[in-house]
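One letter stands for each residue in the lines below.
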Amino acid sequence: MTSPPTGTGAGFMRLHPDGTASRGSRILGAVVLVSVVVFLFLALVASKPDESLDAQGQLVRIMYLHVPSAIACYTAFFVTAAASAMYLWKKTMGWDALAASSAEIGVIFVVITLLTGSIWGHTTWGTWWEWDPRLTSTALMFVMYLGYLALRRAIIDPVSRAKQSAVLGIIAIVNVPIVHFSVDWWRSLHQTATVASLDPKINGLRLLALFVGMIVALMLYVWLMMHRFRLAYAEAALEAKGLDLALAERRAEALADGGAVPASVEHEGVS
């Protein structure tokens, strides 16, 4: 018989009876909320506009959201790739649920990255979009992970879906370093990394606002993952239970008709 998902998440599924919350997620949620308030104060009030030689003025504040969102989506897609590899190794549905959940959240952060980048580009370059290496590779990354999520919707069989999605999740991660290093590998309108070196291009409260933004984005990612993974894990368990019930009904019907259980039913019932 097909068994409920096991492995990753077995000890993580102490859910509230009315939802996916837990004491840990509530505490983290409160921390995230306070951190967001601190971040907004630093980004919008405490830090000054950019007055360097290539001054961006008030436009620099978009970077405090744009860069952390990019970091969060990189993290999400690396988790998807790692969980996909673990699924192919362990064959446990918890890893598949983890990969899918992280991909969904990663797509949200990619959308924020593209939107904030487009706003910045319209003000700086005078256009909402340029087929720049960084922008093009980021758009490709967005499309690839939309394709990953679409693949998961298109395949009914949970085992086949998990295997094919895992392969795509591993392949898609190749584009993430291309996005990150595109400004170094090719001529690009997009500015190079702001804080990648020991001599960052910003300092003081602007640098602090950027780092706080990164931390807040990663904490928000973890908080969202706690809820989305628990929901995905519960959905996988419900799907497995529903399949077991359907197979049991087919066996009962076959036996009630006085015949043998079809070989196809026996085959489907083997996990």
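If you're wondering where the values come from, they're calculated on a predicted model, not measured in any experiment.

Visitor: Which residues make up the overall build of the protein chain, and what are the values?
Guide: A tally of regular secondary structure across the protein chain gives eight helices and zero strands. The linear arrangement of helices and strands in the protein chain, starting from the amino end, is α-α-α-α-α-α-α-α. Of the contacts formed within the protein chain by residues at least 6 apart in sequence, a portion of 74% connects residues at least 24 apart. Carbon together with sulfur atoms contributes 69% to the accessible area of the protein chain, which is approximately 14700 Å² in total.

Visitor: Which residues make up the environment of F77, and what are the values?
Guide: Structurally, F77 is set in helix α2 (residues 63-90). A relative accessible area of 0% means that F77 is categorised as buried. Sequence spacing of F77 and G106 is 29 residues, and the spatial spacing of their C-alpha atoms is 6.2 Å.

Visitor: Quick rundown of the packing of helix α4 (residues 133-154) against helix α6 (residues 175-185)? Include the residues and the values.
Guide: What describes two packed helices is the angle between their axes and the distance between those same axes. At a minimum axis separation of 8 Å, α4 and α6 run at an interaxial angle of 165°. Relative to α6, the element α4 lies roughly antiparallel. Considering only the axes of α4 and α6, their crossing is left-handed. Side by side, α4 and α6 meet where P133, R134, S137, T138, L140, M141, M144 and Y145 of the first sit next to N175, V176, I178, V179, H180, S182 and V183 of the second. Considering only residue class, the contact of α4 with α6 consists of nine nonpolar, five polar and one charged.

Visitor: Before we move on, can you summarise the environment of T138 with the specific residues and values?
Guide: Mapped onto the elements of the fold, T138 is located in helix α4. Look at T138 and you get buried, because its relative accessible area is 7%. Between the C-alpha atom of T138 and that of H180, which follows or precedes it by 42 residues, the distance is 8.9 Å. Those residues in contact with T138 that sit more than four places away from it in its chain are V110, L114 and V179.

Visitor: Lay out the nonpolar core with the relevant residues and their values.
Guide: Counting residues in each nonpolar core, the largest one holds 31 residues, and the members touching the most others are C73, F77, M141, Y145, Y148 and V176. Only α2, α3 (93-124), α4, α6 and α7 (204-256) provide two or more residues apiece to this core. Broken down by element, this core gets its largest block of residues, ten residues, from α3. With residues up to four places along the chain from it excluded, the contact list for Y148 reads T80, S84, A99, A100, A103, S165, L168 and G169. By size, the runner-up hydrophobic cluster in this structure holds eleven residues, among which are F39, A209, V212 and V216.

The rules behind the values
Residues numbered from 1 in each chain as written. Predicted model: local features only at pLDDT ≥ 70, side-chain atom pairs only at ≥ 80, totals over all residues. Heavy atoms only, no water. Helix = DSSP H or I, 4+ residues; strand = E, 2+ residues; numbered from the N terminus. Contact = heavy atoms within 4.5 Å. Areas by Shrake-Rupley, 256 points an atom, 1.4 Å probe, with all protein chains shown as cover. Buried < 20%, exposed > 50% of the residue type's maximum accessible area, 1.4 Å probe, protein only. Axes fitted to C-alpha atoms, helices over the stretch in contact; angles between N-to-C directions. Parallel < 35°, antiparallel > 145°, perpendicular 65-115°, else oblique. Left-handed = near helix turned anticlockwise from the far one by under 90°. Nonpolar A, V, L, I, M, F, W, Y, C, P; charged D, E, K, R; others polar. Core = buried A, V, L, I, M, F, W, Y, C linked by side-chain atoms within 4.5 Å.

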